[in-house]
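Summary of the model geometry
Here's the letter readout for the chains.
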Amino acid sequence: MTDTSLSLDLAMEPTAGARMRKRLFGQKSLVLGSGLLLLIMLVALFAPLLATHDPYAQDLAHRTVPPFWYAKGSLEHILGTDNLGRDYFSRLLYGARISLLIGLSVMVISGIIGTTLGLLAGYFGGKADLLVTFLVTTRLAMPVMLVALAVVAMVGGSLPVIVLVLGFLKWDRFAVVMRSATQQARALDYVAAAEAVGASTPRIILGEILPNVLPQLIVVATLEAASAILLEASLSFLGLGVQPPLPSWGLMISEAKNYMFFSFWLIAIPGTMLALLVLAINLAGDGLRDIFAPEGR
Amino acid sequence: MTALMQAEGVTRSFNVNAGMFRRKRTLHAVNGVDLALEKGEVLGIVGESGCGKSTLARILLGLLPPSTGTIRFGGEDLHLLKRRDLARQVQPVFQDPYSSLNPRRTIASIVAFPLEVHKIGSPAGRRRKALEIMDLVGLPARFADRYPGELSGGQRQRVAIARALVMKPDVIVCDEPTSALDVSVQSQILNLLLDLRNELGLTYVFISHNLGVVEHIATRVAVMYLGRVVELAETQTLFANPRHPYTRALLDSILTPEPGLGVPETGLGLAFPDPLNPPSGCAFHPRCPLAFEACRSVAPKLLDTGKGRAACHLVDPSF
Amino acid sequence: MSGALLQVEGLSVDIKTGAGTLHAVRDISFSVKRGETLCIVGESGCGKSMTSLAIMDLLPPAAKRSARQLLFAGEDLTRKTAGQLNTLRGNRMAMIFQEPMTALNPAYTIGDQLMEGYRRHKHASVAEARERAVFLLNKVGIAAAGDRLGQYPHQLSGGLRQRVMIAMALMCGPELVIADEPTTALDVTIQAQILRLLAELREELGIALILITHDLGVVARIADQVAVMYAGEIIEQGGAADIFRDPRHPYTRGLIDCIPLPGKTRPGEKLGIIPGVVPSLVGEIKGCTFRDRCSHAEMRCSAAAPARQVQNHSWRCILEDA
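Owing to the predicted nature of the structure, the values given are computational and were not obtained by experimental measurement.

In terms of regular secondary structure, chain C is built from 11 helices and 13 strands. A globule of 322 residues ought to have a C-alpha radius of gyration of about 20 Å, and chain C, at 21 Å, matches this closely. Across its three principal axes, chain C shows a C-alpha extent of roughly 65 × 50 × 40 Å. Here chain C holds 322 residues, and the buried ones make up 46% of them. Restricting to contacts in chain C with at least 6 residues of sequence separation, those with at least 24 account for 65%.

And the structure:
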């Protein structure tokens, strides 16, 4: 191109879509995390198709068969069997369903409670703020693990109970983060402009403020989902969470603990999966936060 | 001439926490303001930071209720007007175009937002209307689907003006609309505001600390000091013959780009008074080079001087 | 040139960004004498603040400075070690920032902050430093200076804080003071007072003052020499009277036309504008950077603008005169 044009800056700007793609895939942690997460989700979704055995079927003749890469292992049971002879691979697949279900539903319940409280406190301030702050401090005074243990001990452990207990206990961080994010957004002039236009309060909160505090919300949501999965595993490990014979990863670790010196894989495999899942969620959350960060806009 | 908007004895106070164990104190941000906004005029409001001009703007926009006093709009009390009805008549343009636009909406959706709130037209019709207004303020249609972050400061301020215009209001309250912009952009926005006023017959309240800009755009100027209007006059009268010593000091401190004149001496001294603890009598007396005994004890009233109004004992024949 | 306290030749600042190298400052040259005020004026993003940081060697890590010559009182600043620069900064050359609230540390009293540099650079006792601090606070017009020393920055008003900043810059008796938008955050009445103060102090103490601002009003009233920056270059340079009475570069003319002049511009009259936006400074830059926005632009503007000079007044444009 001969440089005869008067224009200095004609180089076409990349389109919005191209830039978004570049940002998305330029994020190694996001690609890695969401890839892994997607894989685990697909596995959980198609567990009935992928499973080689019934995860509940016991076969006492083939107890603690090692995975196929051991000399004694076979491809019949890819990851071996547990102490009751159940196929470990199939149990692992079904276990992913439990972990994801718990992570997601606890995140949704606590997210709705915490975000609502945080938005209200941050937007209205004053007495609403005092009330929410009081609720948060009260909630923080209760240790999650102890309260969960106590409730489960009283009403008995089952999947819905665990989800509800954790959901009603873990909204504090949502409330705190949303409150301060909302306070900041509330002070900006575009909120005043929306008020001056005559927009209703719910419309301002949901249409103007919520989209702008979404990045913070996503980060908290991922952290909380990961922490809920770990809490469920801990509760199940203590025998007060999901009850046997449901294949929860925490329960699998718990059941394997007596065999850990003889059949190491029994504890290593669900442990690794748990760590991978939590890592994937956290990586994805981190990546999303970087993408939504306002300086990128 | 008919008064479009009228403020009568408007005050606004805030409670300020001075410390955990100290008494709450009251800050009178706006302290008894009477103003009438005539149709078609540009009322400039000037003063230093903390003089209450931005609080007054928020009261006029209906964003803050006054503590006492009333605002009337076309004879109706602002209190009794619904916010949505008021929105059709008064719209804001704020100082900082970086915080006045929702970063998560596209330009077209920001401009069409007021129509959406008032449920005017179909989505396609609203978009058409938004593009029309964007064209009016000099924004090309290709910006419609961009986000505010992709625009320069001047372009963003045009978006804010477009949003204010889309409801066809009578009054636009501009709170320091050009002070966050570069001078070359500032002149573009000022030209645009003047053009729009001529084309659409708008009335502006123009708040600024830049007196050069106010002289250029305003037809009438109110000077505020510590929550009160201390002088009010037609622009030319005020700039040619300021009656209040504070106005004079403000005018003296304008730095026009003329070399060789040096930096003026305003004779104001340093101390801007603590707004939580305003001086007795005339609030300006500690800084006033012409203060005399009565100024320390008696607060002056805003008196008619024949060519405007001023709150100073020097224009009061009874002193 | 003899008598120049600071002589800058061919200063450039490049900043590495994700999109490429941003040429924030490109090959600029200027000098300041003792007792003289140089105003560097330009709009946001023109590189004026980067220039001041480059002289003080306070650039952010991503920015790289290069210069053919950077002479301060005959010494080459580019050959100084970090330690040697530290003994210069705050001592023989000082800086005043735009926002005094963020430039002062809220955790220390202003007395501590005033005295710290003086004690370090001059190896002075507390009593000596205190005496100097009181002297300077009085000098910048702060009453009851002794009591003020025990106060924290948040207890002072904006105007007072900026005065404290000025006193702090003057503590060690600097020869060069760089003030970056020192009055932009202040009210007009306070601005006039601070500028008067700077002008007086410069005269009295024989300081070379570099004042960086976007406000042509400030420039006209206080500058001896003016350098107009656009897109990282000095596009016009000369005495203040020459620049304002006889501006040669279309950008300088455009800037002056943008400002409403009481008494000269009729109220409501159209103001001058500069159409378009500042070009991107990322990547290779060819020709005159102002040609996109210039009403005089011709084909030959895509080549580098020729340097013109009449006596002390220089500019870069194809226009000899107009």
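For chain B, the count of helices and strands is 10 helices and 12 strands. Against the globule reference of 20 Å for 319 residues, chain B gives a C-alpha radius of gyration of 21 Å, in line with a compact fold. Intrachain contacts of chain B at a sequence separation of at least 6 include 63% that bridge at least 24 residues.

Let us look at the sheet that holds strand S13 (residues 313-316) of chain C. All names here are of chain C. Reading across from one edge, S7-S8-S9-S3-S10-S11-S13-S12 is the order of the 8 strands in this open sheet, with mixed pairing throughout. Only two strands of the sheet have a single neighbouring strand rather than two, namely strand S7 (93-96) and strand S12 (307-310). Direction aside, the axes of adjacent strands within the sheet are offset by 15° on average. Sitting on the sheet, helix H1 (residues 48-56) touches strand S3 (37-41), S7, strand S8 (176-180), strand S9 (208-213) and strand S10 (225-230), and the angle it makes with S8 is about 150°.

Okay, the UniProt feature "domain: ABC transporter" (unreviewed entry) in chain C next. In the UniProt entry, the feature "domain: ABC transporter" (unreviewed entry) is given for residues 6-256 of chain C. The span residues 6-256 of chain C is 41% helix and 27% strand, and its two end C-alpha atoms sit 28 Å from each other.

Okay, the interface of chain B and chain A next. Listed by partner, the interface residues are 22 residues for chain B and 16 residues for chain A. Among the secondary structure elements, those contributing two or more residues to the side of chain B that touches chain A are helix H2 (83-87), strand S6 (90-93) and helix H3 (107-117) of chain B.

Time to look at the packing of helix H2 (residues 28-45) of chain A against helix H4 (residues 88-124) of chain A. Relative placement of two packed helices is described by the angle separating their axes and the distance separating the axes. Residue and element names in this part refer to chain A. Relative to each other, H2 and H4 sit at 110°, their axes nearing to 8 Å. Judged by the inter-axis angle, H2 sits roughly perpendicular to H4. Like other packed secondary-structure pairs, H2 and H4 cross with a definite hand, here left-handed. Between H2 and H4, the contacting residues are Ile40, Met41, Val43 and Ala44 on the first element and Leu93, Ala96, Arg97 and Leu100 on the second. Taken together, the residues of the contact of H2 with H4 sort by class into 7 nonpolar, no polar and 1 charged.

Interface size is often expressed as the accessible area that is lost when the parts come together. Between chain B and chain C, the residue contacts involve 39 residues of the former and 41 residues of the latter. Contributions of two or more residues to the side of chain B that touches chain C are made by helix H6 (183-200), helix H7 (211-217), helix H8 (235-240) and helix H9 (245-252) of chain B. At 8 residues, the largest contribution of residues to the side of chain B that touches chain C is made by H6 of chain B. Per-class residue counts for the side of chain B that touches chain C are 18 nonpolar, 16 polar and 5 charged.

With that settled, consider the packing of H4 of chain A against helix H10 (residues 201-237) of chain A. Residues and elements named next belong to chain A. Axis separation between H4 and H10 bottoms out at 8 Å; the angle between their running directions is 140°. Relative to H10, the element H4 is oriented oblique. Crossing of H4 against H10: the hand is right-handed. Two secondary-structure elements touch here, H4 through Ser99, Ile102, Gly103, Leu104, Val106, Met107, Ser110, Gly111, Thr115, Leu119 and Tyr123 and H10 through Ile205, Ile209, Leu210, Leu217, Ala221, Glu224, Ala225, Ala226, Ala228, Ile229 and Glu232. Class assignment for the residues of the contact of H4 with H10 results in 15 nonpolar, 5 polar and 2 charged.

Before going further, it helps to examine the sheet that holds strand S12 (residues 308-310) of chain B. Residue and element names in this part refer to chain B. With mixed pairing, the 8 strands of this open sheet are ordered in space as S6-S7-S8-S3-S9-S10-S12-S11. Taken across any chain shown, the strands that pair with only one partner, and hence form the sheet edges, are S6 and strand S11 (303-304). Alignment of strand S10 (residues 228-234) against S12, held across 3 bridges, turns out to be antiparallel. Its bridge partner lying in S12, Glu231 is registered against Ala310.

Within the chain, Lys168 of chain B stands out as a residue other than glycine whose phi angle is a positive 50°. Look at Lys168 of chain B and you get exposed, because 12 C-beta atoms sit within 10 Å.

So, on to the pairing of strand S4 (residues 68-73) of chain B. All names here are of chain B. With 5 bridges joining them, strand S1 (residues 3-16) and S4 adopt antiparallel strand pairing. By the bridge assignment, Met5 is partnered in S4 with Phe73. Sheet topology places S4 next to strand S5 (residues 76-77); 2 bridges connect them, and they run antiparallel. From the neighbouring strand, Arg72 faces S5, where its bridge partner is Asp77. In sequence, S4 turns back onto S5 through a hairpin of 2 residues, with Gly74 there showing a positive phi of about 55°.

Turning our eyes to something else, we now look at the environment of Leu255 of chain C. With respect to the secondary-structure elements, Leu255 of chain C resides in helix H11 (residues 250-258). Taking C-alpha positions, Leu255 of chain C is 41 Å from Tyr118 of chain C, a pair spaced 137 residues apart along the chain. Every residue in contact with Leu255 of chain C, bar those within four places of it in the chain, is listed here: Val183 and Ser184 of chain B together with Leu216 of chain C.

In terms of nonpolar packing, the biggest core is built from 272 residues, with Val111 and Val205 of chain B touching the most fellow members. Dropping the residues within four chain positions of it, Val205 of chain B is found in contact with Leu37, Leu43, Ile45, Ala57, Leu60, Val171, Val173 and Cys174 of chain B.

Per-residue pLDDT for chain C has a mean of 87; in total, 99% of the residues score no lower than 70. With a pTM of 0.84, the predicted complex shows an ipTM of 0.85.

The subject of this paragraph is the pairing of strand S5 (residues 69-72) of chain C. Residues and elements named next belong to chain C. Residues Leu70 and Phe72 of S5 are buried on one face, while the alternating residues Gln69 and Leu71, pointing to the opposite face, are not. Alignment of strand S1 (residues 4-17) against S5, held across 4 bridges, turns out to be antiparallel. What sits directly across from Glu9, in S5, is Gln69. Of the strand pairs in this sheet, S5 and strand S6 (residues 75-76) are connected by 2 bridges, and their pairing is antiparallel. Paired with Phe72 across the bridge in S6 is Glu75. In this antiparallel pair of consecutive strands, S5 and S6, the connection spans 2 residues, and Ala73 shows a positive phi of 50°.

Before going further, it helps to spend a moment on the environment of Tyr118 of chain C. All names here are of chain C. For Tyr118, the location among the structural elements is in helix H4 (residues 110-122). With 22 C-beta atoms packed within 10 Å, Tyr118 lands in the buried category. Spatially, the C-alpha atoms of Tyr118 and Asp57 are 20 Å apart, while their sequence positions differ by 61 residues. Discounting chain neighbours no more than four positions away, the residues touching Tyr118 are Ala124, Ala129, Arg132, Met171 and Cys172.

Okay, helix H9 (residues 189-197) of chain A next. Three- or four-residue spacings in an α-helix give side chains the same orientation, since the helix completes a turn every 3.6 residues. Taking burial as the measure, the 9 residues of H9 of chain A include 9 buried ones, the bulk of the element. Within H9 of chain A, burial applies to Asp189, Tyr190, Val191, Ala192, Ala193, Ala194, Glu195, Ala196 and Val197 of chain A. Residues of H9 of chain A that are buried make contact with helix H8 (172-186) and H10 of chain A together with H2, S6, H3 and helix H5 (153-165) of chain B. With its phi angle positive at about 95°, Gly198 of chain A sits one or two positions after the end of H9 of chain A.

Residues and elements named next belong to chain A. Here Val177 shows up in helix H8. Look at Val177 and you get buried, because 20 C-beta atoms sit within 10 Å. Distance in space between the C-alpha atoms of Val177 and Thr222 is 13 Å, their sequence separation being 45 residues. Apart from the residues lying within four places of it in its own chain, the contact partners of Val177 are Gly118, Gln216 and Val220.

Criteria and thresholds
Residues numbered from 1 in each chain as written. Chains lettered and ligands numbered in written order. Predicted model: local features only at pLDDT ≥ 70, side-chain atom pairs only at ≥ 80, totals over all residues. Helix = DSSP H or I, 4+ residues; strand = E, 2+ residues; numbered from the N terminus. Rg over C-alpha atoms; globule rule 2.2 N^0.38 Å. Buried ≥ 20, exposed ≤ 12 C-beta atoms within 10 Å, placed from the backbone. Contact = placed C-beta atoms within 7 Å. Pairing = 2+ DSSP bridges. Axes fitted to C-alpha atoms, helices over the stretch in contact; angles between N-to-C directions. UniProt positions renumbered as here; feature names shortened; annotations may be inferred. Parallel < 35°, antiparallel > 145°, perpendicular 65-115°, else oblique. Left-handed = near helix turned anticlockwise from the far one by under 90°. Nonpolar A, V, L, I, M, F, W, Y, C, P; charged D, E, K, R; others polar. Core = buried A, V, L, I, M, F, W, Y, C linked by C-beta atoms within 7 Å. pLDDT = per-residue confidence, 0-100.

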